[in-house]
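# Understanding the architecture of this molecule
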Amino acid sequence: MPRTLITSAIPYINGIKHLGNLIGSQLPADLYARYARARGHEVMFICATDEHGTPAELAAAKAGKPVADYCAEMWQVQKDLADGFRLSFDHFGRSSSPQNHRLTQHFAGRLAEAGLIDERSSRQVYSNADGRFLPDRYIEGTCPNCGFEDARGDQCDNCTKQLDPTDLINPRSTISGSTDLEVRETKHLYLKQSQLKDKLDAWIDSQDGWPVLTTSIAKKWLHDGDGLQDRGITRDLDWGIPVKKGDADWPGMEGKVFYVWFDAPIEYIAGTAEWAEAQGKAEADWRRWWRTDEGAEDVRYVQFMGKDNVPFHTLSFPATLLGSGEPWKTVDYLKSFNYLNYDGGQFSTSRGRGVFMDQALEILPADYWRWWLLSHVPESSDTEFTWTAFQTDVNKDLADVLGNFVSRVTKFCRAKFGEVVPEGGNWGAQEEALIKTLTGRLDTYQLHMDAIEIRKAAGELRAIWVAGNEYLQEAAPWSTFKTDPARAAGQIRLALNLIRLYAVLSAPFIPDAARAMLSALGTEDDAWPEDVRVALAVLPAGHGFTVPDVLFAKITDDQREDWAERFAGTRA
RNA sequence: GGCGGUAUAGCUCAGUUGGUUAGAGCAGAGGAAUCAUAAUCCUUGUGUCCGGGGUUCGAGUCCCUGUACCGCCA
């Protein structure tokens, strides 16, 4: 049995994500996980929340809560929304878990032993009032260059000159507004990525068939300018994973934590360890997914992420894994996405522009969003979400082509034969032609899904739905029924089986509707078709069914206008 | 300022390593059917493939250049 490890980029903890974030990693990852399971793979699908760092601390402070409490609450919120979208994670973890603490410290220790970590001193701004060091963007002051009063610590937005926080005149903390700041000497750990440059370069060259987007971004970081730079992996914060060398203390690093980008990808591994604990499994049960010396040599590991995350997954995280000198599983295929734009502009979390995950589920069932987003996933370039396109596409594809097919077949059968699969009639040329068409299209569909060519797969699935309508149109059971009822019965028996086949093939995209279809047909048989001819005979004559409710109600013009207005501006 | 991406039918997008009359879905037009969520099916595209150069027997597809939009970085 093939084994597939799937991870989705982990969403940051502060706040609810918008649809652009969803389609950029979690949703396509879920599609692939569902498909792989349906094809009989043993799948481990991991996601988590990314909880450390200054933004989380500030969001918690704003909410008036301890950061740990805030993160726990927001984790639950994100977990519920993931469930709402039917994201089928085997585990949805937290980067703040004990497992991640241990693993992160372990990796740091291994890297130190390998001579890949440097201690370097730097001068940074400390705020006495806030009791903390301030990252560049949390310091503002007057620009020494142009006199602009709200220049940030890293750059003046007025004259665009790059700044060092210590250059600012009358600097102040943007957290508290305090001007009681001083410059302190502080030591930090740096991961010597530059020493791993050739190894990473060779590793990327050894990958076959990665999307151009992925490799071009990685190559640029490797070769641009002075090449891959060393990166600081620690911070002067309270909230995070304490700096340790494995189990041992790290002299000089007391009170410091690892920087969020260092521990976040390690959470993929830790999340699998969390899964094992939650399932009451042994250590070996998760290690067989991640250690090539403990059973992971036959695992295929696929990552999903937006293009902004590519450098971390092609360089930083592999640097951690390869640099450890241990046989950890590295990614085999990295699927990256462009951005989804909203109605002529960007989705914006800060301005509340666009549709957020909670709002989306308030107005429509998950399947509507899943279908539209997946069939328009920004694979080769940025894509545009517009309400009119959403309305016409969803109405056409889901309501008219698929939903109405189910409706017309089941209702016709009920009217002429009752709610039971009718008996009689044999397959003729039309049926043979349909089987031939479907066999070819199924083959293509699988090819696209295997290659994670999502838009093409969606197009093929839609064509499979259309083939059913074409068949009905040609077979015209409403017509044959008048002259040859047995023939009509045979046609409808085939059409009812077609509904079951559609449920199975569509389930990765629209799991709820798929379940509703199977349920209406009174069957649990959701086996992936090995042979179309056989699959179209699963429901035998005499098998009872019920006419389901409308699968997909259409989106009305009023709804569309209402939503377009509601989500255009600021989030309530 | 540096870097990257994108510019293809009214709209959203496909177009493998350059090769014959540039495609799909939607929208539009015409027709068929009437089982169905007024849902389906068939037919229908005279597009300067952003502009300008160049390489080539041949370029949407490669090179140079200009323009527009969008990101990323410091």
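Residues numbered from 1 in each chain as written. Chains lettered and ligands numbered in written order. Predicted model: local features only at pLDDT ≥ 70, side-chain atom pairs only at ≥ 80, totals over all residues. Heavy atoms only, no water.

A separate point is the sheet that holds strand 16 (residues 333-337). Spatially, the 5 strands line up as an open sheet ordered 3-2-1-15-16, and their pairing is parallel. Where the open sheet ends on each side, the last strands, each with one partner, are strand 3 (91-94) and strand 16. Between one strand axis and the next, the sheet turns by 20 degrees as a mean value, whatever way the strands run. In the sheet, strand 1 (residues 3-8) pairs with strand 15 (residues 299-306) via 6 bridges, with the strands oriented parallel. Counted as the bridge partner of T7 is Q303 from strand 15. Running at roughly 160 degrees to strand 3, helix 3 (residues 67-84) makes contact with strand 2 (42-49) and strand 3 of the sheet. (Pairing = 2+ DSSP bridges. Helix = DSSP H or I, 4+ residues; strand = E, 2+ residues; numbered from the N terminus. Axes fitted to C-alpha atoms, helices over the stretch in contact; angles between N-to-C directions. Contact = heavy atoms within 4.5 Å.)

Looking now at the sheet that holds strand 6 (residues 139-142). Spatially, 7-6-8 is the arrangement adopted by the 3 strands of the open sheet, whose pairing is antiparallel. With partners counted over all chains shown, the strands left at the sheet margins are strand 7 (151-152) and strand 8 (169-173), one partner each. For strand 6 and strand 7, the ladder comprises 2 bridges, and the chain directions are antiparallel. Considered in strand 7, the bridge of G141 is made with A151.

Contact geometry of helix 11 (residues 366-375) with helix 12 (residues 387-417) gives a least axis separation of 10 Å together with a crossing angle of 105 degrees. The orientation of helix 11 relative to helix 12 falls into the category roughly perpendicular. Of the residues in helix 12, those in contact with D367, Y368, W369, W371 and W372 of helix 11 are W387, A389, F390, D393, V394, D397 and L398. Of the residues in the contact of helix 11 with helix 12, the class split is 9 nonpolar, no polar and 3 charged. (Parallel < 35°, antiparallel > 145°, perpendicular 65-115°, else oblique. Nonpolar A, V, L, I, M, F, W, Y, C, P; charged D, E, K, R; others polar.)

Overall, the predicted model of chain A reaches an average pLDDT of 89, with 95% of residues at or above 70. Across chain A, the secondary-structure element scoring lowest on mean pLDDT is helix 6 (residues 212-223), at 70, and the one scoring highest is helix 8 (residues 283-290), at 98. Here the predicted complex carries an ipTM of 0.88, next to a pTM of 0.93. (pLDDT = per-residue confidence, 0-100.)

In this section: the state of the cysteines. Tallied over the entire structure, the rule returns 0 disulfides. The closest cysteine sulfur to the non-disulfide-bonded C71 is located on C47, 15 Å from its own sulfur. Exposure remark for C71: the relative accessible area of 0% places this residue in the buried category. (Disulfide = S-S within 2.5 Å. Buried < 20%, exposed > 50% of the residue type's maximum accessible area, 1.4 Å probe, protein only.)

Moving on to the pairing of strand 2. Counting buried residues along strand 2, 7 of its 8 residues qualify, which places the element largely inside the surrounding structure. In the sheet, strand 1 pairs with strand 2 via 5 bridges, with the strands oriented parallel. Within strand 2, the position partnered with L5 by the bridge is M44. One crossover worth recording links strand 1 to the parallel strand 2 by way of helix 1 (residues 19-38), and it is right-handed. The sheet contact formed by strand 2 and strand 3 spans 4 bridges and is parallel. Bridge assignment links I46 to a residue of strand 3, and that residue is H91. (Right-handed = clockwise from strand over helix to strand, strands pointing away.)

Another aspect to go through is the nonpolar core. With 114 residues, the main nonpolar core has W369, W387, F390, Y445 and F509 as its most contacted residues. At 12 residues, the largest contribution of residues to this core is made by helix 12. Lining this core are residues from two domains, each supplying at least three of them: domain 1 (3-111 + 259-337) and domain 3 (385-535). With residues near it in sequence (within four places) discarded, Y445 still touches A457, E460, L461, I464, L505, F509 and W528. Counting 53 residues, the second largest nonpolar core, distinct from the first, contains W203, I233, A270 and W275. (Core = buried A, V, L, I, M, F, W, Y, C linked by side-chain atoms within 4.5 Å. Domains from an automatic or database assignment.)

The next subject is the pattern of salt bridges. Scanning the entire structure with this criterion turns up 33 salt bridges. In this structure, the salt-bridge partner of R500 is D525, at a minimum N-O distance of 3.6 Å. Note that R500 is positioned in helix 16 (residues 485-506) and D525 in the loop between helix 17 (511-520) and helix 18 (532-535), a separation of 25 residues in sequence. Its relative accessible area of 2% is what places R500 among the buried residues. Each of R110, R287, R291, D293, E294 and E326 takes part in a single network of salt bridges with overlapping partners. (Salt bridge = Lys/Arg side-chain N within 4 Å of Asp/Glu carboxyl O.)

You can read the domains of chain A as domain 1 (3-111 + 259-337), domain 2 (116-195 + 205-232) and domain 3 (385-535). For domain 1 versus domain 3, the distance between C-alpha centres works out to 37 Å. With 13 residues of domain 1 at the contact, the number on the domain 3 side is 12 residues. Of all residues in domain 1, L31, Y35 and R39 bury the most surface against domain 3, accounting for 45% of the area lost on that side. When the shortest N-O distance is used, the salt bridge between D512 and R86 registers 2.9 Å. The tally of links between domain 1 and domain 3 comes to 3 residue pairs in polar contact (both at pLDDT 80 or more). (Buried area = accessible area lost by both parts, 1.4 Å probe. Polar contact = N/O pair within 3.5 Å; in protein donor to acceptor, adjacent residues only side chain to side chain.)

What UniProt calls "binding site: ATP" (unreviewed entry) maps, in this numbering, to T349. Here T349 shows up in the loop between strand 18 (345-346) and helix 10 (357-363). Discounting residues that sit within four places of it in the chain, T349 has contacts with H18 and F356. (UniProt positions renumbered as here; feature names shortened; annotations may be inferred.)

Geometrically, a packed helix pair is captured by the angle between its two axes and the distance between the axes. At a minimum axis distance of 10 Å, the contact between helix 1 and helix 11 shows a crossing angle of 95 degrees. Taken together, the axes of helix 1 and helix 11 lie roughly perpendicular to each other. Here helix 1 contributes L19, L22, I23, L27, P28, D30, L31 and R34 to the contact with helix 11, which in turn contributes W369, R370, L373 and L374. For the contact of helix 1 with helix 11, the residue count by class is 9 nonpolar, no polar and 3 charged.

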